[in-house]
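Tertiary structure, described
Okay, here's what each chain looks like letter by letter:
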Amino acid sequence: MPLRPERPEDHPAVRELHRRAFGPDHGPVVATLADALRPASELSFVADEQGLAVGHIMFTPALLDAPRRLVDVQVLSPLAVSPDHQKRGIGSALVRHGIEALAERGAPLVFLEGDPAYYSRLGFTPGAELAFRKPSLRIPDPAFQVYRLPAYEPWMTGTLVYPHTFWQHDCVGLR
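Presented here is a report on the structure given in the accompanying data block. (Residues numbered from 1 in each chain as written. Predicted model: local features only at pLDDT ≥ 70, side-chain atom pairs only at ≥ 80, totals over all residues. Heavy atoms only, no water.)

So, the packing of aromatic side chains
So the rule is basically this: Aromatic pairs are defined between Phe, Tyr and Trp rings, using the six-membered ring for Trp, whenever the two ring centres lie within 6.5 Å; interplanar angles under 30 degrees are classed as stacked, those over 60 as edge-to-face, and all others as tilted. Residue burial is assigned from relative accessible area. The probe radius is 1.4 Å, only protein chains are included, and a residue is buried under 20% of its type maximum, exposed over 50%, and partly exposed in between.
Taken as a whole and judged by the stated rule, the model has 7 aromatic pairs. For the ring pair Tyr119 and Phe124, a centre distance of 5.7 Å and an interplane angle of 80 degrees mean the geometry is edge-to-face. Accessibility assignment for this pair places Tyr119 and Phe124 in one class, buried. Summarising the aromatic geometry, the rings of Tyr162 and Trp167 are spaced 6.3 Å apart at their centres and angled 65 degrees between planes, so their arrangement reads as edge-to-face.

Quick notes on helix H2 (residues 90-105)
Within an α-helix, residues lying three or four positions from one another point in the same direction, as the helix has 3.6 residues per turn. Inclusion rule: Every helix listed is a DSSP run of H or I at least four residues long, and every strand listed is a run of E at least two residues long, numbered separately from the N terminus. Expected helix span is given by 1.5 Å per residue-to-residue step, counting one fewer step than there are residues.
The first and last C-alpha atoms of H2 sit 23 Å apart over 16 residues, in line with the 22 Å expected at 1.5 Å per residue. Residues Ile90, Gly91, Ser92, Leu94, Val95, Gly98, Ile99, Ala101 and Leu102 constitute the buried set of H2. Where H2 ends, the next residue or the one after it, Gly106, has phi of about 85 degrees, a positive value.

Comments concerning the pairing of strand E4 (residues 70-81)
Convention followed: When DSSP finds two or more bridges between a pair of strands, those strands are recorded as paired. Handedness rule for crossovers: strands pointing away from the viewer, path from the first strand over the helix to the second running clockwise, crossover right-handed.
Of all the 12 residues making up E4, 10 are buried; the element is thus mostly covered by neighbouring parts of the structure. In this antiparallel pair of consecutive strands, strand E3 (residues 52-65) and E4, the connection spans 4 residues. At this point the chain moves from E4, through H2, to the parallel strand E5 (residues 109-113), and the crossover so formed is right-handed.

Describing the environment of Val81
Applied cut-off: Note on contacts: a residue pair is in contact if any heavy atoms of the two residues lie within 4.5 Å.
With respect to the helices, strands and loops of the structure, Val81 is situated in strand E4. For Val81, a relative accessible area of 11% puts it in the buried group. For the pair Val81 and Thr125, spaced 44 residues apart in sequence, the C-alpha separation works out to 22 Å. What Val81 contacts, discounting residues up to four positions off in sequence, is Leu17, Ala21, Val54, Gly55, Gln86, Ile90 and Gly91.

Put into structure tokens, the structure is as follows:
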């Protein structure tokens, strides 16, 4: 399935995709978060099936408060696949595609909150195991995960600092 950068004309379909994928309880919140993150997002991709966005992933700049200095890192959020297209590898393909793009740009780390059973298959590891601290106690320890890219250096440890948008929309620790 073709993966391509998200375009402005995709925004309504992506919004609906998040509503459907996250269901009636969390879908509207995640759709609103995606809209709010979009201006700051450096990478946003869709899985395109005959012109329709059936999957979406977004990466947003954040900071790692490391002992030497602040480090520019990325947060993977949100990721969604249309319910009728799940279990086909679309989400995994979007994650891999995004990680490759971030590696090419020289990003050292990607953080997320998510299901460890799913994301560990894609190379993410629990953040605490690598001396990273989560930005909020509301994030379950197993859900706080990180992917180290080639630009990562061992001194890059510390506390993840989320962009204001996550706090503004109360989307920290959302499950």
